[in-house]
Amino acid sequence: MSQEAIYPPPPSFAAQAHVPSIEAYQELCRQAAETPEEFWGALAKQELHWFAPYTNVFEWHPPFVKWFTGGKTNLAYNCLDRHLADKRDKVAFHWEGEPGDTRTITYGELHRLVCRFANVLKSRGLNTGDRAIIYMPMVPEAAVAMLACARLGITHSVVFGGFSAEALRARIQDLGAQAVITADGGWRRKKEVRLKDAVDESLPGCDTIHTVIVYKRTGTPVTMQDGRDAYWQDLEAALDPATADECPAVELDSEHPLYVLYTSGTTGKPKGILHTTAGYNLYTHMTMKWVFDLKPSDVYWCSADIGWVTGHSYIVYGPLSAGATSIMYEGAPDTPDFGRWWSIVEKYKATILYTSPTAIRALIRQGDEWPNKYDLSSLRLLGSVGEPINPAAWEWYHRVIGGSRCPIVDTWWQTETGGILIAPMPGAVALKPGSGTFPMPGVLPDVIDLDGNPVAPEAEGLSRVEAALAGHAAHHLGRPEALRGAVLVACAGRLFHRRCGAARQGRLHLDPRPRRRRHERQRPPLVDHGSGVGVGKAPRRGRSRRGRQAARDHRAGRVLLRHAQAGQL
């Protein structure tokens, strides 16, 4: 592997890409930077359905911003109803359970399932403004539950099915949820993960809960409390057949609270990151097109769990809003053997695979013989998410899985941003293994000193990401000031993300890598077009003296945070 390897977009790929050249990419960035209201406003009108038009594209009160104020829309409507005219029979999900059971769900069928479950929720007294916890395995009904909540304006919080009863209780109590939507269990490495048992253990002390809905997945008997607990299938069967399949989407304010996703941050205590409706919808929709170069014929697979923000944005809401066909898999990549993922790619002729470097490295250790057993020629694009991908893993992913023909989109973002901040647009940007390359339109990265000034080339500093993007979190649930403390700090009166930690600026590109790879930061820019970015968190041991002082200043309260007001959920 060469440290200097650069991979230009294949000409055949660029010729049909949504963003086909570096000039086209630069023009998008120019428009987003110079005329953000016109840029995002035009996309919102073109890409989303509105029941009532918005009056302002955004209202900015740093660090808080409201998007498309005055407008009325519904994310579930944008994901389903508006596609029915021309995509009713198009596959929304190819689903495969770990034991080998499968389902194929079209947009028309998914719309029916969501309407039915929305009517189930209404039958249990849940309506717009209520809150629900979703604690499910990776089955289609997990997405159905999310979309049904979005359809009615019920703010939902998905909790990863691997979390303990204690973690679940903390989230129920913090959200003040009225309902828990769960399953008897799910399958993971041939073992049942008993979810309803964990729910029962978590509920003492959760006095706001009046409903627990249990989807029968494994068929294992579970304890059901009269009046509170009911099986999903039984509640559906009790619906009026004449009206069960129809449930109009509620016309919601653009800033209606969509979901809360908990992140531990630096304290270990869960903090609820709140995302609202319209801005988040638009940003996940557009990044699906820009980053994954989504085409009507694509079969897209994101291997994440819906319990993480990746699952929210790039399994459910982004792909469905963009009209994609997706794959959803319930189990582990090594069950029954390490060929499982590659058999799924071959079976469904996946064209896009989006997974984590951790998974890639685990699969590398099993050798090339597993992927070589299967036909992976349908793949045309690969993606990486969750952490920096090291160049050796990048090269293996490109050569063995992508057949040396598939661009790799190395994506960097956070729960707070809702969508991808930095990644290559694969038809426009040359790729460097281990580098995230360039920011999305509206995202302006830099490396600064403690006074907020850009540092000189090769000097160390703090990574700053200035962003005017529609997907950013509204605030921390119930604690709006925490958004400033956890995500944004102010230097010389300017707000910026501080998640990257210490960094070094290259001549034309930023590459905040840990110290053990400092030589990477001193190399020439990866391409000749503007500023590229390589992304990654700097470990504490590698933080510069100035970076350590910045951290001490922040803890001591010497870095002033800009004060702002924010509405409560």
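What you see is a predicted model, and the numbers here were worked out from it, not measured in a lab.

A. Up close: the overall build of the protein chain. Counting its secondary structure elements, the protein chain contains 19 helices and 28 strands. For the protein chain, with 569 residues in total, the buried portion stands at 62%. For the protein chain, contacts bridging at least 24 residues in sequence account for 73% of all contacts bridging at least 6. Split by element, the accessible area of the protein chain, about 21300 Å² in all, is 51% carbon and sulfur.

B. Molecular detail of the pattern of salt bridges. All told, the structure shown has 26 salt bridges when counted by the stated rule. A salt bridge links Glu-192 to Arg-194, with the nearest nitrogen and oxygen atoms 3.8 Å apart. Between Arg-228 and Asp-200 there is a salt bridge, with the nearest N and O atoms lying 3.5 Å from each other. Highlighted residues: Arg-228 in the loop between β11 (211-215) and β12 (229-231) and Asp-200 in helix α9 (residues 195-202), separated in sequence by 28 residues. Assessed through its relative accessible area of 15%, Arg-228 is described here as buried. Because the salt bridges share partners, they merge into one network encompassing Glu-109, Arg-112, Arg-116, Glu-236 and Asp-245.

C. Quick peek at α9. Every buried residue of α9 is listed here: Leu-195, Lys-196, Ala-198, Val-199 and Ser-202. Projection of α9 onto a plane perpendicular to its axis shows the buried side chains occupying an angular sector of 160°, all on one side. On its buried side, α9 packs onto β6 (131-135), α8 (165-175), β8 (179-183), β10 (191-193), β11 and β12.

D. Representation of the nonpolar core in the model. Among the nonpolar cores identified, the biggest contains 129 residues, and Phe-292 and Tyr-317 are the most heavily contacted of them. Of all the elements, helix α7 (residues 140-152) adds the most residues to this core, at 10 residues. If near-sequence neighbours (up to four positions away) are discounted, Phe-292 is found in contact with Thr-287, Tyr-300, Tyr-314, Ile-352, Tyr-354, Arg-380, Leu-381, Val-409 and Ile-420. Counting residues in hydrophobic clusters, the runner-up holds 28 residues, among them Val-299, Ala-359, Leu-376 and Ile-401.

E. How the structure looks around the side chain of Thr-411. Position of Thr-411 relative to the elements: it lies in the loop between β20 (408-410) and β21 (443-448). Judged by relative accessible area, which is 3%, Thr-411 ranks as buried. In this structure the side chain of Thr-411 is engaged in a polar contact, spanning 2.7 Å, whose partner is the backbone oxygen of Ser-384.

F. A look at the pairing of strand β2 (residues 64-69). For β2, a buried count of five out of six residues is recorded, marking the element as mostly surrounded by other parts of the structure. Relative to β2, strand β1 (residues 56-61) runs antiparallel, the two sharing five bridges. Directly across from Phe-58, in β2, lies its bridge partner Trp-67.

G. Looking closely at unusual backbone geometry. A cis amide bond, omega 0°, links Thr-335 with the succeeding residue Pro-336. Not every positive phi belongs to a glycine, and Phe-68 is a case in point at roughly 55°. Judged by its relative accessible area of 0%, Phe-68 falls in the buried class. Located in the positive-phi region is Thr-437, a residue other than glycine, with phi close to 65°. With respect to the helices and strands, Thr-437 occurs in the loop between β20 and β21. A relative accessible area of 0% places Thr-437 in the buried class.

H. Representation of the sheet that holds strand β4 (residues 91-96). The strand order across the open sheet built from seven strands is β5-β4-β17-β16-β18-β19-β20, with neighbouring strands paired in mixed fashion. Each of the sheet's edge strands pairs with one partner strand only, and the pair in question is β5 (102-106) and β20. Strand-to-strand twist across the sheet, computed as the mean angle between neighbouring axes with direction ignored, equals 15°. Pairing of strand β18 (residues 352-355) with strand β19 (residues 381-384), which is carried by four bridges, proceeds in the parallel orientation. Looking across to β19, one finds that Thr-355 is bridged to Ser-384. Of the strands in this sheet, β4, β16 (299-302), β17 (325-329) and β18 are in contact with helix α12 (residues 309-321), which crosses β16 at around 160°.

I. View of the environment of Met-136. Tracing the backbone through its elements, the reader meets Met-136 in the loop between β6 and α7. Beyond its immediate sequence surroundings of up to four residues, Met-136 is in contact with Glu-141, Ala-142, Val-159, Gly-161, Ile-181, Thr-182, Ala-183, Leu-195, Tyr-215 and Trp-232.

Rules and cut-offs
- Residues numbered from 1 in each chain as written.
- Predicted model: local features only at pLDDT ≥ 70, side-chain atom pairs only at ≥ 80, totals over all residues.
- Heavy atoms only, no water.
- Helix = DSSP H or I, 4+ residues; strand = E, 2+ residues; numbered from the N terminus.
- Buried < 20%, exposed > 50% of the residue type's maximum accessible area, 1.4 Å probe, protein only.
- Contact = heavy atoms within 4.5 Å.
- Areas by Shrake-Rupley, 256 points an atom, 1.4 Å probe, with all protein chains shown as cover.
- Salt bridge = Lys/Arg side-chain N within 4 Å of Asp/Glu carboxyl O.
- Arc of directions from axis to C-beta.
- Core = buried A, V, L, I, M, F, W, Y, C linked by side-chain atoms within 4.5 Å.
- Polar contact = N/O pair within 3.5 Å; in protein donor to acceptor, adjacent residues only side chain to side chain.
- Pairing = 2+ DSSP bridges.
- Axes fitted to C-alpha atoms, helices over the stretch in contact; angles between N-to-C directions.

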